[in-house]
Every structure is written in structure tokens, then in C-alpha cells.
Amino acid sequence: ALPVCQSYEIPTVVGIFSAFGLVFSVSLFAWICCQRKSSKSNKTPPYKFVHVLKGVDIYPENLNSKKKFGADDKSEAKNKSAMPKNSLHLDLEKRDLNGNFPKTTTKMQGFPDLENSSPKHFAERKKDSVSPDSLKSIASLSSEDKQDKLGTLFFSLEYNFEKKAFVVNIKEARGLPAMDEQSMTSDPYIKMTILPEKKHKVKTRVLRKTLDPAFDETFTFYGIPYSQIQDLTLHFMVLSFDRFSRDDVIGEVLIPLAGIELSEGRLLMDREIIKRNVRKSSGRGELLVSLCYQSTTNTLTVVVLKARHLPKSDVSGLSDPYVKVNLYHAKKRISKKKTHVKKCTPNAVFNELFVFDIPCEGLDDISIEFLVLDSDRGSRNEVIGRLTLGSSAEGTGGEHWKEICEYPRRQIAKWHMLCDG
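Residues numbered from 1 in each chain as written. Predicted model: local features only at pLDDT ≥ 70, side-chain atom pairs only at ≥ 80, totals over all residues. Heavy atoms only, no water.

Engineer: Can you walk me through the sheet that holds strand β11 (residues 321-329) in this structure?
Structural biologist: To summarise the sheet geometry, strands pair through backbone hydrogen bonds and adopt either a parallel or an antiparallel arrangement. In space, the four strands of this open sheet follow the order β12-β11-β14-β15, with antiparallel pairing throughout. Because the sheet does not close on itself, it has two edges, and the strands there are β12 (332-338) and β15 (382-390). The mean inter-strand angle of the sheet, taken between neighbouring strand axes irrespective of direction, is 20 degrees. For β11 and β12, the ladder comprises six bridges, and the chain directions are antiparallel. Note that in β12 the partner of N326 across the bridge is K336. In the packing of helix α7 (residues 396-406) onto the sheet, contacts are made with β14 (366-374) and β15, and the angle to β15 comes to roughly 45 degrees. (Pairing = 2+ DSSP bridges. Helix = DSSP H or I, 4+ residues; strand = E, 2+ residues; numbered from the N terminus. Axes fitted to C-alpha atoms, helices over the stretch in contact; angles between N-to-C directions. Contact = heavy atoms within 4.5 Å.)

As C-alpha cells, then:
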């Protein structure tokens, strides 16, 4: 009987040891995974807008370099050794809560060639960058014009023939006006667009509470042949960030690249910031909409059909319009819809249908608002024109609304002139 008992005890002991070993292995594996996850999260920057930081190419040649900002110490050392002298190195851990880099007393990073260039060469290069017409206009400024000055923008242009890349460095701006009347300062940033196609749009980070922002940010645009540089125009829009409303436009700078020679190297330039070319209130364009009121289901069908003769939203003369539709009940917005964006056209065809549920009987307290906006990836979208339909609306808006109330279940379409946004 003794050998039989021992034969039952041996498998039991083996099972107990196997269970303990399995629990230990699972615990160890879970601990290793947690350690890796925590270390990885510490190395990953907490910002998504890395494409607008200093010296970062917005169109990188190698899109698979996921460890660009999360590499270990060894890879960072290799990158430093392989990095050219004129490139910028970012230490993302030294940024503050706003994503800005602290000011240092080190040498200027955006223009390394200035260290080896003589003052005479710098003066000659800068004279070449300013046209004679601009010098005459600056010299003819009166005392009243000086009071209306909006500041000066400093930047540099360069073309890399090896990589076929166009490089723009936004250095700084000086003497900006104060857009905040309480603090008598601004929160400036710059939005840059390459015209006329508007395919390349970038913007700098926002610098808080300063009238002399030093951005020193480099943007590299790949795939632009040097032969096409002369046909391009740079449009700089200087804005001040506003947390509670639309950002304030300080001014703009327009740089046609025709006649600018970039074959000799980096070109330093500065231009006076001028007031934005504000569009006239007349000629905001027209919008064709169709409405139908279903009294049985108490729904309102809205079809946004076409827009025509839309004004240009910027110096390129091209807009990317779309329509936002807001439904109001007793002056309170209860629903909103929007169409798709139509690229680069003043005469857009939408043909999009929306159905709104009406919360009350009849359309007495109901009104509908159409906002035609210009889609802009770099900043907040600008209102091109506005149209309101309702019982209290004037002109064609009131007439159209009266017709759909008198003839329910009938789709009625009309053209309407857009008013100021």
C-alpha cells in the first residue's frame, strides 16, 4: 500500500510547483510590460504639432522614422554625429507648458552662417534683399504713417539643390502693435502660405505676451523645382491668438519670388507689415438654396445647391468654400449641419440635402442661418458671407420663408445675396 500512496503524492507535488512557476512567470511578464510602457510614455513628446516646431521639416523624406523624437541615448548620439552643422537640434523636454522653448543667451541658431560672415558681406546681402521701390516707400513715410506702423518681419529664403527643397526660416518680428487693450501686449504667431496653389500652409507656434516675438522656425518644402520658384509668392499673415474669440489679424506681408536669386545661398530679408487687404462689403456672392416644410412629419428639408461670384478670401484669389447650416428655435441654436469643402473655386456646386426635426408646430419661431466660410487648415475659417431665412428676415429671405410656409410639401428654390459675415 505504501508504494501506491507515494505514486499519488509525486504528481500532486509536481502540479503545485508547476502552478507556482506559472504564476511567477505571468507576474514577471506583466511587470516587464509595465516598465516598458512607462519608459516609452516618458520619451514620447506630449504634443501633436511637432511639424511646426523649430527646424522640423513638414514634408520629411522618410515618413517611417517613428523614433525621431523617441529614440534612446545611443540613437540620439548617432543622429548628432550625422547631423550637419547648419541643422537645428530640438530638446523637447526643455519646453514649457505652452510648447515654447526657453530663451537662452547662446548664439542664434536660425542663421549659423552669420558667425563666419563679415559685417560687410551681411550689409551687402541685406541691401540686395530690399528692392529700390520699398526703400523709396519707407523714406517717404510721414509722421502719421509711422504711428500706424504694424512692425517688421525678418526671415530668410534658401534653396537646397541636393534635396530639391525650398527652405523658409521665419526669424522674428519687431514692433508689433498691442492687440490686447488690458495687458497692452499680444500673443503673436505667423501663418505662411505658398501661392498661388495654396497647397503648402504652415504656421509658427504662439508666443505669449510679447511685441517682439523671436520664432526662429525653419520650414522645408520638398518637391519644388528651382525653375518654379520664380512663379511662386509667399504670403505671411501675422495674427494674435485669442482664446475666447476669433484671432486678431495684425497684418500681412506679400513676397513675390519673381526676380529673387537663390542660387548664391541663403538670402536674408525684412519687410514692413502692412494692413490686410480687407474686402468690400458689396459683392459677397450669391447662394442657391431649396427648402421644403413637411407639416405631417414636422420636418424641414434644406438643400444647399450652389454658390456663385464668391469674393476672394486672400491674395491668391482662390477660396475653399463650404456652407454651415444652423437651425434656431426662439433665437437658440438647436441643430447644425455643414457641407463638404469645395477646393479653389468662386462658383461651388454642393447639392447636399439636410433634414431638420422641428420641435414645435409650425415655423413661427423657427429661423435658419447659412454661413459660407473659407476652409483654412492653418487657422480659423473665415466667414465669406451670411444668409438668414425666417419670419422676421428682410428681403428675399423673408419672401422665401413665407412661400414655404404657404405651400408645404413643395420644394422651393431661390437665389439669395449674401451679406457681411
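That shown, we press on.
Engineer: Where do I start with α7 in this structure?
Structural biologist: Because each turn of an α-helix spans 3.6 residues, side chains separated by three or four positions in sequence point in the same direction. Taken together, the buried positions of α7 are occupied by G397, G398, H400, W401 and I404. One side of α7 holds all its buried residues, which, seen down the axis, span an arc of 160 degrees. Close packing links the buried residues of α7 with β9 (286-294), β10 (299-308), β14, β15 and β16 (412-417). (Buried < 20%, exposed > 50% of the residue type's maximum accessible area, 1.4 Å probe, protein only. Arc of directions from axis to C-beta.)

Engineer: I tried to follow the nonpolar core on my own but got confused; where do I start?
Structural biologist: With 33 residues, the main nonpolar core has F166 and F236 as its most contacted residues. If you list the elements that add at least two residues to this core, you get β1 (152-160), β2 (165-174), β3 (188-195), β5 (214-222), β6 (233-240), β7 (248-256) and β8 (267-272). Setting aside its immediate chain neighbours within four residues, F236 contacts L153, F155, V168, I170, I190, K191, M192, G251, E252, V253 and I255. Among the nonpolar cores identified, the runner-up in size contains 30 residues, and V304, V325, A348 and I368 belong to it. (Core = buried A, V, L, I, M, F, W, Y, C linked by side-chain atoms within 4.5 Å.)

Engineer: Before we go on, may I ask you to explain the pattern of salt bridges in this structure?
Structural biologist: When their charged atoms lie close together, side chains carrying opposite charge are able to pair. Throughout the structure, instances matching the rule amount to eight salt bridges. Here D187 and R208 are joined by a salt bridge, their closest N and O atoms 4.0 Å apart. A residue pair is termed long-range when its members are at least 10 positions apart, and D187 in the loop between β2 and β3 and R208 in the loop between β4 (201-203) and β5 qualify at 21 residues. A residue is classified by how much of its surface remains accessible, and D187, at 17% relative accessible area, is buried. Overall, R208 belongs to the partly exposed group, its relative accessible area being 33%. A salt bridge links R205 to E217, with the nearest nitrogen and oxygen atoms 2.4 Å apart. Of this pair, R205 sits in the loop between β4 and β5 while E217 sits in strand β5, and the two are twelve residues apart along the sequence. (Salt bridge = Lys/Arg side-chain N within 4 Å of Asp/Glu carboxyl O.)

Engineer: What is the right way to look at the packing of aromatic side chains in this model?
Structural biologist: Inspection of every chain in the model, using the stated rule, returns four aromatic pairs. On the numbers, 5.0 Å between centres and 50 degrees between planes, the contact of F161 with Y226 is tilted. Highlighted residues: F161 in the loop between β1 and β2 and Y226 in the loop between β5 and β6, separated in sequence by 65 residues. An aromatic cluster is built from Y159, F161 and Y226, whose rings are joined through pairwise contacts. The aromatic ring of F154 is capped on one face by R174, whose charged end is 4.4 Å from the ring centroid. Of note, R308 hangs over the ring of W415, and the distance from its end group to the ring centre comes to 3.8 Å. (Phe/Tyr/Trp six-rings, centres within 6.5 Å; stacked < 30°, edge-to-face > 60°. Lys NZ or Arg CZ within 6 Å of the ring centre and 35° of its normal.)

Engineer: For this particular structure, what's the right way to read the side chain of T210?
Structural biologist: As for its placement among the helices and strands, T210 is situated in the loop between β4 and β5. Looking at T210, its side chain comes within polar contact range of the main-chain nitrogen of D212, at 3.1 Å. The residues touching T210, leaving out its near neighbours within four places in the chain, are T185, S186 and P188. (Polar contact = N/O pair within 3.5 Å; in protein donor to acceptor, adjacent residues only side chain to side chain.)

Engineer: Just checking my understanding: could you explain the sheet that holds β10 for this structure?
Structural biologist: Taken in spatial order, the four strands make up an open sheet running β13-β10-β9-β16, and their pairing is antiparallel. Taken across any chain shown, the strands that pair with only one partner, and hence form the sheet edges, are β13 (349-357) and β16. Taken over all neighbouring pairs, the strand axes of this sheet differ in orientation by 20 degrees on average, direction set aside. Pairing between β10 and β13: seven bridges, direction antiparallel. Counted as the bridge partner of T301 is V355 from β13. Set on the sheet, α7 makes contact with β9, β10 and β16; between it and β16 the angle comes to about 170 degrees.

Engineer: What am I meant to see in the environment of L310 here?
Structural biologist: As for its position among the elements, L310 is in the loop between β10 and β11. With 26 residues separating them along the chain, L310 and R284 place their C-alpha atoms 5.9 Å apart. Beyond its immediate chain neighbours, meaning those up to four positions away, L310 contacts R284, G285, P321, P346, V372, I384 and L418.

Engineer: When you look at the pairing of β8 in this model, what are you seeing that I'm missing?
Structural biologist: Along any regular strand, the residues point their side chains to alternate faces of the sheet. With five of six residues buried, β8 is to be regarded as a mostly interior element. Sheet analysis places β1 next to β8, joined by six bridges and oriented antiparallel. Within the sheet, the bridge partner assigned to F154 lies in β8 and is D270.

Engineer: Quick question: what am I supposed to make of a nonpolar patch on the surface here?
Structural biologist: There is a patch of nonpolar side chains on the surface, built from F24, L28, W31 and I32 and spanning about 440 Å² of accessible area. Inspection of the secondary structure assignment puts I32 in helix α1 (residues 2-43). For I32, a relative accessible area of 33% translates into the label partly exposed. (Patch = residues over 30% accessible without salt bridge, like charges linked within 9 Å, V, L, I, M, F, W, Y side chains within 5 Å. Areas by Shrake-Rupley, 256 points an atom, 1.4 Å probe, with all protein chains shown as cover.)

Engineer: How do you make sense of the environment of K332 when you look at a structure like this?
Structural biologist: Here K332 is to be found in strand β12. With a relative accessible area of 60%, K332 lands in the exposed category. Taking the C-alpha atoms as reference, K332 lies 10.0 Å from D365; in sequence the two are 33 residues apart.

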